[in-house]
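Descriptive analysis of the structure
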Amino acid sequence: MNWVDTITDWQTSRVDDGYAGLHDLADAGFSGGVSTGDSWLLFVNGTAVSVTDHGDGSPTPADIERFDDAALTAYESPHPSLPLLAAMQFGDTEERGTYYTEETPLSEVENTLEDGGFIGYVELSENVLSGDYYTVYQAGRSMHAAFVGSSESLRTDDDAREAAHGEVGLYEVVAASIDVVEIPDAEPGPEPTTAGTPSSDKRDDVESVGENFTESEPSPDRSDDSPMEASVTGDTRTEVYTDPDAGSATADADHDATSTTPDPSEASTDDDTEQTTGVEADAVTEPEPADPVDPADESPTDESPTDETPGEETPPTSATSRVTESDEEPGGDDAAPPSEDVEVPNAPSSSVSTTERGSPTERASATEQLAARSIPSVDPERTGGGSSTQSPRSSRMPRQRTQRDQPPTQQPTRQQEPSQPDSEELDAVRAELETVQESLETVETERDEAHAQLETAREELETAETAREELEAERDDLKREVESLRTRVEELESQLGDVATDGASLSAPEAFDGTNLFVRYESKGKTTVETAHDGDGSPAELAENLRIVHHTQFETEGATVEGEPFEQWLYGTQQYRFAEWLVGQLVFEIRETDTTSELSELYDALPGIDRIELSGSVAVPEGDEEMDIGFDIVCRDRMGDPLFVADLDASRQPVSDGQMASLVQDSGLVCESESTFAGAFFVSAAFFEPGALETARDATSGSLLSRDSRLSYVKQSRKRGYHLALVESRDDGFHLSVPDL
């Protein structure tokens, strides 16, 4: 997908220059793309997630400094999933597997990826004719988008999800990463905060990327109140696992007040144990008793006292979380600033030394990261570490759950026996690693089976295509034989003569309805429209070899049209003369004016004209039925597919804007339903009113940012359109007025 072309089709938004404009977009929760020159910056819900340069046609990483004091253009996305998907595809990606929807439904994979906190996207497009379907994941939360139909109309959210679940085909699971981009201040900012304390603004930026994500129906063993969030800032990847047992802030406060608040003697014992084992002091705000506290009992990292009453603890602003960073050593069970470990006072793990519990925790963290980076098995029963009732998050934090589930009366026993849990944790980590390895082997086996099925399907498709080509060749031979037999029958009939003395008397509409013209040649070894298209031959040589023969649904011997012999009447009609000009002269006019590239679709379709239907019609879909749209001329190829349509006006009155609008509307319907359609003509024996010319110009102008070099081209969709031509008929000749060659 060419994302630059897609983004430039979005609605533009007003934005100031430089960093000030970028900050305005971030404050407004903007989703879309911002460009300056060949550089692009993508926003998702007000957060900048990607800076790339497209000067050489493909995205490469770029610096935010390119946007300093630069003139900016903002394009607002119709849905936040689109810029997030573009940012993922601009960055580094890794294909994790390909699956067949009939064997592994999308719903199963969605649940597995959401439970695993997957970051990336699922693309359902291979062997799917209706469109391209995407599900974008950020820390396990998902958004859905789809480009459906020949016009690639956008569908999002549940509409896109339901449409994707109804399709059959192959889909890919692709892992990706998101880099949150810091936007510098337009003016010198305030003094930096205390070192080691994460900026709340940056946390808001990271979290805002997932604001519009919606989760599917949660499984019974997964809590919606504890999503796994992941983000990448700079070169450091941070994964946040929120403890599902933490509950709300009020619940934590009640729990801490009743079960974890130490008495003075226990606090002193714990402080002594922490000093001998080397564990860092608690960074969570401690409750301050009414009586003076010995400075030796205070945490060395406490920077200021609090005004809380004894026995109470300040409720946390969010559920207790666990942070694991790529450049830090794991040393605690709860979330804390990067430079220190935080534990709840008197928790069972507070008496265990860093040396005793560090090694298994490090191995557990490595296993967690492996599980988070790998695609879990599509079987939910194998994803949770061997138990279908255990959620992925609970399997990633076995020690934390064990500690929180133990009753308070067992805490002293666990504190006195620190070596026993280490052995149990090591066994649990090893068992979990084996489970992950088995899941990975299962996924690889399923991937290989899917590839084998895909190869088999491709071989069957090639066989079917070969058989189809053979049938088409046989059909063409039979058609030629039928044409030859018809010609022979006509010759024999002409020799026998017609005993009838009176022929049919027809009106002009009746004669047009029953007449078709065919493009034939005296010899295909001489100049044809195709050889003229390739640059050979001259107009005189083509005219000498070209034969436009007519076929009627009525007997032409003795037939008259409005009192004139049929053939004499036919050769003098505007329809017949236009057909001769279209087939025999237009190809040379385009070739000699060197506009073959600007009129490429029209020029390339001219050699394909085989039959010209006078007073014809084209069937287009209208709901569950079909509707016939009539034209004065319909040019078709050998398969009967429409190539050109034309409306003719032989009167002396100029063409009005209403007539032109009707042709543009009807031609657009044909273009949407017929991929072979290349052009529409309006032929007038007079001239075109200014209103008609204005209507034609509006239809072919395209958007203000269009860079299309094609002449008089009506862009019906991103991949489909046709050329609109206005022709004046004067002095038994035809002149192409629009486009002006």
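Residues numbered from 1 in each chain as written. Predicted model: local features only at pLDDT ≥ 70, side-chain atom pairs only at ≥ 80, totals over all residues. Heavy atoms only, no water.

1. Observations concerning the overall build of the protein
- Within the protein, the regular secondary structure consists of 23 helices and 28 strands.
- For the protein, the proportion of its 741 residues judged to be buried stands at 43%.
- Long-range contacts, defined here as pairs at least 24 residues apart, represent 70% of the contacts in the protein between residues at least 6 apart.
- For the protein, the accessible area works out to roughly 38100 Å², and carbon and sulfur atoms hold 46% of it. (Helix = DSSP H or I, 4+ residues; strand = E, 2+ residues; numbered from the N terminus. Buried < 20%, exposed > 50% of the residue type's maximum accessible area, 1.4 Å probe, protein only. Contact = heavy atoms within 4.5 Å. Areas by Shrake-Rupley, 256 points an atom, 1.4 Å probe, with all protein chains shown as cover.)

2. Focus on the sheet that holds strand β12 (residues 170-176)
- Spatial ordering of the open sheet is given by β7-β12-β8-β9-β10-β11, a layout of six strands whose pairing is antiparallel. Because the sheet does not close on itself, it has two edges, and the strands there are β7 (93-100) and β11 (153-156). Neighbouring strand axes in the sheet, compared pairwise and without regard to direction, differ in orientation by 20 degrees on average.
- Looking at chain direction, strand β8 (residues 120-126) and β12 are connected through six bridges and run antiparallel. Residue pairing across strands places Leu-124 opposite Tyr-171, the latter belonging to β12.
- Its contacts with the sheet put helix α5 (residues 157-165) on β8, β9 (131-138), β10 (141-148) and β11, and the angle it makes with β11 is roughly 100 degrees. (Pairing = 2+ DSSP bridges. Axes fitted to C-alpha atoms, helices over the stretch in contact; angles between N-to-C directions.)

3. What about the packing of aromatic side chains?
- Overall, the coordinates contain 16 aromatic pairs when judged by the stated rule.
- With centroids separated by 5.9 Å and ring planes inclined at 70 degrees, the aromatic side chains of Phe-30 and Phe-43 adopt a geometry described as edge-to-face. Of this pair, Phe-30 sits in the loop between α2 (18-27) and β2 (32-36) while Phe-43 sits in strand β3 (residues 39-44), and the two are 13 residues apart along the sequence.
- Look at Phe-30 and you get buried, because its relative accessible area is 7%.
- Given the relative accessible area of 0%, Phe-43 is considered buried.
- Ring geometry for Phe-554 and Phe-566: centres 5.3 Å apart, planes at 90 degrees, overall edge-to-face. Note that Phe-554 is positioned in the loop between β19 (546-552) and β20 (560-561) and Phe-566 in helix α18 (residues 566-571), a separation of twelve residues in sequence. Here Phe-554 matches Phe-566 in class, with each residue buried. (Phe/Tyr/Trp six-rings, centres within 6.5 Å; stacked < 30°, edge-to-face > 60°.)

4. What to know about a negative patch on the surface
- A cluster of acidic side chains, namely Glu-459, Glu-460, Glu-462, Glu-465, Glu-469 and Glu-470, defines a negative patch on the protein surface.
- Considering the arrangement of structural elements, one finds Glu-469 in helix α14 (residues 419-496). (Patch = residues over 30% accessible without salt bridge, like charges linked within 9 Å, V, L, I, M, F, W, Y side chains within 5 Å. Salt bridge = Lys/Arg side-chain N within 4 Å of Asp/Glu carboxyl O. Lys, Arg positive; Asp, Glu negative; His and termini not counted. Charge placed at Lys NZ, Arg CZ, Asp CG, Glu CD.)

5. Quick look at the sheet that holds strand β17 (residues 505-506)
- Strand order in the open sheet formed by three strands is β17-β20-β21, with mixed pairing between adjacent strands. Either end of the sheet is taken by a strand with one partner, and the two such strands are β17 and β21 (564-565).
- Of the pairings in the sheet, the one linking β17 to β20 comprises two bridges and is parallel in character. Bridge assignment links Leu-506 to a residue of β20, and that residue is Val-561.

6. What about the environment of Leu-22?
- Here Leu-22 is to be found in helix α2.
- Distance from Leu-22 to Phe-43, taken between C-alpha atoms, is 9.5 Å for residues 21 residues apart in sequence.

7. Observations concerning the packing of helix α4 (residues 106-115) against α5
- Contact geometry for α4 and α5: axes closest at 10 Å, N-to-C directions at 125 degrees. Comparing the axis directions of α4 and α5 gives the class oblique. In this structure, α4 uses Leu-106, Ser-107 and Glu-110 to contact α5, whose residues at the interface are Arg-161, Ala-164 and His-165.
- Grouping the amino acids of the contact of α4 with α5 by side-chain chemistry returns two nonpolar, two polar and two charged. (Parallel < 35°, antiparallel > 145°, perpendicular 65-115°, else oblique. Nonpolar A, V, L, I, M, F, W, Y, C, P; charged D, E, K, R; others polar.)

8. Points about the side chain of Asn-516
- The topology assignment puts Asn-516 in strand β18 (residues 515-521).
- At 3.1 Å, the side chain of Asn-516 forms a polar contact with the side chain of Arg-611.
- Beyond its immediate sequence surroundings of up to four residues, Asn-516 is in contact with Val-549, His-550, His-551, Arg-611, Ile-612 and Glu-613. (Polar contact = N/O pair within 3.5 Å; in protein donor to acceptor, adjacent residues only side chain to side chain.)

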